[in-house]
Amino acid sequence: MNTHVRSCENKSYNPLSRKIENMKEKLLNTLIVVLCCFNGVSMAAIPDFTASFTNAFERLDSETYTGGGGTPVSTYGITTLEGEYQAAGLTLTNTGASAVTYNIAINDPGATTFNFDIRRQVFVNTYYPDLGDIADALTLLPKTGSNWQVTIPANGVVKLSIESQIPLGASGLNQTTVDIYNAAVPAVTEQLSLDFNVLAPPAPDRSLYQYNAFVYPWLNVGQSNATEVASDLAAHGATMMEFPTMPTVFFWPSGDIDVIDYTTLDARLASYGPSVDRFMLFWESQYTQFNVTGGGTLTPHSPQWNNAFQNVVSAWLTHAASLGYGTDRFAILPYDEPSSSSFGTAPDQDITDFQNVSTLAKAANPNLDVLLTLTDYAGITDVNAMLPYVDIVQAISPYRTATLAGQPAGYNPRDNYYSTIFPALDAWRDSTGGDIWTYRISGGKSDNVLISHLAYPILAFAEGATGAGHWAYNVASGSTWDEPLLSTLDFSLIYDGTESHPLNLLYNVTGENVVPSIRWQALRAGLQNARILAFLKENKSLYNATNQTEIQDIFDEAVAMADDFKNSAWSNGPYSYWRHIDDYLDAGGLITFEYLADYSNRLRLLYEDVVINGDFNADGDIDGDDFLRWQRNFGMGGATIADGDANGDGFVDDNDLLIWETNFGSSGALVNQAAAISAVPEPSALSLVLLGCICLSLLLCHYGTLDRVCAVKRAYAVERARTDR
């Protein structure tokens, strides 16, 4: 049931701020939910069975029940923006002596259709013998009609993830019920409550915070199911992907093109082009294969080779433009992770080669961005030599602390990154307008979810990055489902659903071709957070002083998380050590799943508070001056709040006028009250009831009687009906 608007008696009123209205609505709904819990809703009814909500991205430790488990959580709430992907974990425990099949039904909220998927955590083996099998693959549960089915073994535990992309047009508190019953005894049902509090502004555009997916399009599903992979990349917020194959070309000895064939690249562009914003050309592996008509190859970096390289880049960009893909859709990575062999010889031939190819790419088309993947093997001399040639620096994250080959004794790459290299990057960005992104080398199935995926985009933002990436999306040396002990470490974020591997055949019964890992789903949630942070950073100066302070506070929290990670003993170990996330948590690490969930909720409430207010001139109140600014810019596209765009959708239109109208007369402090109250951490049920009663009483005393509350609700319903027509 959508409870954003409730019916009230027909009484007159004076309009109040929508912020105050929403705050009252949230308090009333909170009281209703709590009272329902006291009245017995969502109490367990199935013998030998427990269902409990959990964080979707926490891995299940074992599928064998070992006792304990704590008090079941039967009500779970998610604060979200329309268009975002959200997930709730659901752990099901069968303490009986035989396996049981359960049906799961999710009742739609009502006013707006929510589409749900339910996935199961599947255990796979890992490269490292100290970990053994680990929960990582997320396969879809089969669905018959409106019900999903899952079988839980005797004395067993299964963890599910209930996922939904929040539909456009959803708003307010959308309450769903999750009904679970034994297929053999359908009359006995356990009911849980899953609530989505959909805030007013739309999710920020993905271009605000980039994600570069290092994809091998010729490998496994990248080749066999390219269109599905493209859709998967888009759904997870990827804005760039690796495009690693040159056209098939034969040159004359001079380096001029004789014959060129774009067939392979055209097919990939047709598959990936509609879903991915940009493509990173990476042709390094083919530099020694510039074939000459009649036999032989051109010598890399010879004058003839230089001519050939410039010609093929120019030819490809011209051809792509004829297909509707301009140069702005491409960037080029001349060499991957270039560095001198030692600090003593820097900058050596590797750096010179990077400079040469970068220069040739710019000569082919000055608008083609050059990207540098910056390794922690490279020192400041290499960095300073390469920066004048690039537009985007994607630095490895995190830098290691141990001295690496070619570096002087006692050199700490991480310390030097923060003290020397990043300040140079920051100065370069300020002077050229370049971009600083980061990337991580995935540890495969055993890589930790919390830091390396869920928190990673936030940590990168806190350290000044405007983009992220992982090597690699689909790179596996054997089966994506198998990682034999100390044999074939893979780096893939997804599983190939077309394989005949026993685990795929057993659990991927829906035949999904691209099966996500927990890490891949968690990364998407982290990117959504980073894009809100990036929006707030870009627009911070447009808001009033109170808002700016609140924004800075949320930024400072992100910085505190980044500092806690980089200074922890856990993060100072080797890459292979980072799979032991419990060591970080046991040492009192700040970043936990619970903390990130709370931070995510508060971030969205702040985003709503600063975006939806109508204070276009940021003077702290909403008045006629703001209306005049909206009026002057009516119809503008590419707008900001300073232009009159109150809802953050980039346009100045009637929707923004409605927001200004409903908040007219409010001060910045009044507008901020709703988020302040909504952001209070969740107390116990009894405390929540008392707090709700006190706050509601204060609101009614200060802003009017219950009649006025009803009037505001009714007015909002009228406005909604008018704007929905």
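Nothing here was measured: the structure is a model prediction, and the numbers come from that model. (Residues numbered from 1 in each chain as written. Predicted model: local features only at pLDDT ≥ 70, side-chain atom pairs only at ≥ 80, totals over all residues. Heavy atoms only, no water.)

K.L.:
Break down the sheet that holds strand E3 (residues 85-94) for me, with residues and values.
P.N.:
Spatial ordering of the open sheet is given by E1-E3-E9-E5-E6, a layout of 5 strands whose pairing is antiparallel. At either margin of the open sheet sits one strand with a lone partner, and together these are strand E1 (49-54) and strand E6 (134-140). Each strand axis lies, on average, 30° off the axis of its neighbour in the sheet, ignoring direction. Where E1 lies against E3, 6 bridges are found, and the strand directions are antiparallel. Paired with Thr54 across the strands is Gly89, a residue of E3. Of the strands in this sheet, E3, strand E5 (116-124), E6 and strand E9 (156-165) are in contact with helix H12 (residues 518-539), which crosses E6 at around 80°. (Pairing = 2+ DSSP bridges. Helix = DSSP H or I, 4+ residues; strand = E, 2+ residues; numbered from the N terminus. Axes fitted to C-alpha atoms, helices over the stretch in contact; angles between N-to-C directions. Contact = heavy atoms within 4.5 Å.)

K.L.:
Report on the sheet that holds strand E10 (residues 172-182), specifying residues and quantitative values.
P.N.:
Strand order across the open sheet formed by 6 strands is E2-E11-E10-E4-E8-E7, with mixed pairing between neighbours. This sheet does not close on itself; its edge strands, each paired only once, are strand E2 (75-82) and strand E7 (143-144). When E10 meets strand E11 (residues 185-202), the two strands line up antiparallel, connected through 11 bridges. The residue bridging Leu173 from the neighbouring strand is Asn197, located in E11.

K.L.:
With reference to specific residues and values, describe the side chain of Arg524.
P.N.:
Tracing the sequence through the fold places Arg524 in helix H12. Filtering out sequence-adjacent residues up to four positions away, Arg524 remains in contact with Tyr85, Glu163, Ala235 and His236.

K.L.:
Before we move on, could you go through helix H5 (residues 303-322) and cite the residues and values that matter?
P.N.:
In a regular helix each residue adds 1.5 Å, so 20 residues correspond to 28 Å; H5 covers 29 Å between its end C-alpha atoms and thus fits that length. Taken residue by residue, H5 has Trp305, Asn306, Ala308, Phe309, Val312, Val313, Ala315, Trp316, Leu317, His319 and Ala320 as its buried positions. Gly324 sits one or two positions beyond H5 and adopts a positive phi of about 100°. (Expected span 1.5 Å × (residues − 1). Buried < 20%, exposed > 50% of the residue type's maximum accessible area, 1.4 Å probe, protein only.)

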